[in-house]
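# Architecture and fold: a report
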Amino acid sequence: MNSKKNVINILFVFASKAGGILVGVYFLPFFNDVLGVDSFGIVAVILSLQSLLLMLDLGMSTLVGRDSVILRNKNPIIIIREAEAVISAMYCIILPVALLLLWGEVLSISLFSLICIMLMFWLLTLQNISLSALLAKQEYKVASSIQVVGAIWKAIFTLVILINLEATVDAFIIAQLLATVINFSVLKFFCSSRLSTSSLRNSSEKVALNACIELAKRGKPLIFSSIAGAAVLQLDKSIVTFFMSAKELVPYFLASSFCMLPIAVLAAPIRQFFQPKVLKAYASRDDIGFHLITKLYVRTLVTIVIFFTGIIWLFNDSIINLWLRGNEVSPNVASLTDILLPALAIGAFGFIPYVFIIIAEDYKFQAKFSIVMTIITLLFVIIFANNQNIYLITISYFIYHFFSSVGLWYRLYLLPNMREVAVLSASTFIKAVIINISILMIFAFGGYHLGYIYN
C-alpha cells in the first residue's frame, strides 16, 4: 500500500515539475511567433530575470522545507510567514534598484510595466515558499496540482491576450501578472487549509520580528549561495544581450530553456519527493531506514536522469526541429543543446550530496564554493560574449556543472558526521551510472544499427 502511495505521489511531483516546465518550453515558440524576434528577445530577458529572482530567495525555501520537517512543534503557517517577511524586506530594498538599473538599458518597457514585473517577481518568490512547505509536509498531490494547472492556464491565458488583444511586451507582462495573482491566491487558500493546526491558533499567532531576524541570520550563508547560483544560471542571458543583442540571445535562450529539463523536470522532482523522507529518517535516528532511503534516492535520480537525458540527446536534432516547427533558429538551438544537455545532466547529480549537506547545515561552504565558481564562470562568459562566441559560453557551463557536482561530493566526504553517507551514496551512484550508461549504449548501438539514429 505504501509503495503504491509513493508511486502515485512521485508521479504527482513529476507532473507538477514536468507540467510547469514543459508548458513553458512548449509555449515559447508560440510567443516567439506572435511577438516577433525583437519583442521576444525582451521577453526572454524578462523570463531569465524571473528565473534568477526565483532562485534568489535568500535560502528561505530551503530553510522552510527543512524546518517544516524538523521543527514539528512549530506552526508551519508561522514558518511560512516569517520567510515571507524576510523575502518581502529584501524585495523592498533590492528589487526596485536592480530593475531601475536595467530599465532603459536592457528592458525597453514602460514604468507601469516595470512595476508589474516587480510585483510578479515578488509574488512568484512568495509562491515558492508556500510550495516548499507543502512538499515538506508531503502534501504532494495538492502542491503538484496547483503548480501544473496554474502553469497551463497561465500560458494559455497569456497567449489568448497576445493574439486577441495586443501582441506587445506590455500586454505579455500584464497578462502574466494577472495570472500570477490568481495562482498565488489559490495557493494561499490551500496552504492555510492543509497546514493550519487550527484556524483560531493561526489567527492569533503573529510573526515576531526577532524570529524573522534569526531566520535571516540562519539563511545568511544561503543568501550568498543563492545569489551565486541565480547569477551563474541566469545572468549569462543578460551578458549575451549586453555584448551581442536580444535577437542573438534567442537561440541561446531557447537551448538553455530546453536543456533545463534534466534538472527542472527530472532531478528536482526526485529531490523534492525524497528530501523530506531522508530528513525524517535522519531526524528519527533510524539508521537502517536512512541507508535504505538514501540508496533508493540515488538509484532513482541517476536512472531517470541518465536514461531520459540520453534518449533526448540521441534524438536531439529531430526533437528540436519538431519543437520549433522548423524555425530558422532550429539548427543553432540543436548545436547548442548538444553541449548544454549533458552539462545540465551532470549538474543534476549535484542534488545527491546537496540533500545531505543541507541536513548537516553546512551552508558556509556552499556560499564560498558557489561564489568562487560563479565569478570564474561569469568572467569567461563575459570574455566569450565580448568575442561573439556563444559556443565557448556553452563549454564554460559544461565545465561549471562538472566541477560543481564534484565539489559537493568532495565536501560531503570531508564532513565527519556525513562521511559514511558520502561513501554509501558515492558507491551506489557509481554502480547506478555504470549500469544505466551500459543500457543506454546498447540502445544507442541498436538505434544506429537499425537506422533510427543518424548522427
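That block above? That's the structure.
Let me begin by describing the structure that accompanies this report. Since the structure is predicted, the reported quantities are computational estimates derived from the model, not experimental observations. (Residues numbered from 1 in each chain as written. Predicted model: local features only at pLDDT ≥ 70, side-chain atom pairs only at ≥ 80, totals over all residues. Heavy atoms only, no water.)

### Quick look at unusual backbone geometry
Positive phi is not limited to glycine here, since Q388 has a value of about 60°. Tracing the backbone through its elements, the reader meets Q388 in the loop between α17 (363-386) and α18 (390-414). (Helix = DSSP H or I, 4+ residues; strand = E, 2+ residues; numbered from the N terminus.)

### Topic: the pattern of salt bridges
A full pass over the atoms with the stated rule returns two salt bridges. For K188, the salt bridge goes to E84, with nearest N and O atoms at 2.7 Å. Residue K188 is located in helix α7 (residues 169-195), and its partner E84 is located in helix α4 (residues 76-102); the two are separated by 104 residues in the primary sequence. Judged by relative accessible area, K188 falls into the partly exposed class, the value being 24%. (Salt bridge = Lys/Arg side-chain N within 4 Å of Asp/Glu carboxyl O. Buried < 20%, exposed > 50% of the residue type's maximum accessible area, 1.4 Å probe, protein only.)

### What to know about the environment of W409
Here W409 is to be found in helix α18. Separated by 55 residues in the primary sequence, W409 and Y354 place their C-alpha atoms 8.3 Å from one another. For W409, the contacting residues outside a window of four places in its chain are F349, I352, P353, A422, S425, A426 and F429. (Contact = heavy atoms within 4.5 Å.)

### Looking at the nonpolar core
Residues Y252, L254, L301, V302, F356, I393 and Y397 are the most contacted members of the largest nonpolar core, which totals 139 residues. In terms of residue count, the dominant contributor to this core is helix α5 (residues 111-136) (14 residues). Among residues more than four places away in sequence, those in contact with Y252 are D236, V240, L336, L340, I390, I393, T394 and Y397. (Core = buried A, V, L, I, M, F, W, Y, C linked by side-chain atoms within 4.5 Å.)

### A closer look at the environment of T241
For T241, the location among the structural elements is in helix α10 (residues 220-243). Separated by 199 residues in sequence, T241 and I42 have C-alpha atoms that sit 9.3 Å apart.

### A word on the packing of α5 against α7
Contact geometry for α5 and α7: axes closest at 9 Å, N-to-C directions at 25°. When the axis of α5 is compared with that of α7, the two are roughly parallel. Classified by chirality, the crossing of α7 by α5 is left-handed. Taken together, the residues of the contact of α5 with α7 break down into 19 nonpolar, six polar and three charged. (Axes fitted to C-alpha atoms, helices over the stretch in contact; angles between N-to-C directions. Parallel < 35°, antiparallel > 145°, perpendicular 65-115°, else oblique. Left-handed = near helix turned anticlockwise from the far one by under 90°. Nonpolar A, V, L, I, M, F, W, Y, C, P; charged D, E, K, R; others polar.)

### Considering the packing of aromatic side chains
The description of an aromatic ring pair rests on the distance of the ring centres and on the angle between the ring planes. A complete count under the given rule lists 18 aromatic pairs for this structure. Judged by centre distance (5.3 Å) and plane angle (85°), the rings of F402 and F403 are edge-to-face. For F402, a relative accessible area of 38% puts it in the partly exposed group. Among the aromatic residues, those joined into a cluster by ring pairs are F27, F30, F31 and F172. The ring centre of Y413 lies 4.7 Å from the NZ or CZ of R419, which sits over that ring. (Phe/Tyr/Trp six-rings, centres within 6.5 Å; stacked < 30°, edge-to-face > 60°. Lys NZ or Arg CZ within 6 Å of the ring centre and 35° of its normal.)

Just geometry here; none of it tells us what the structure is for.
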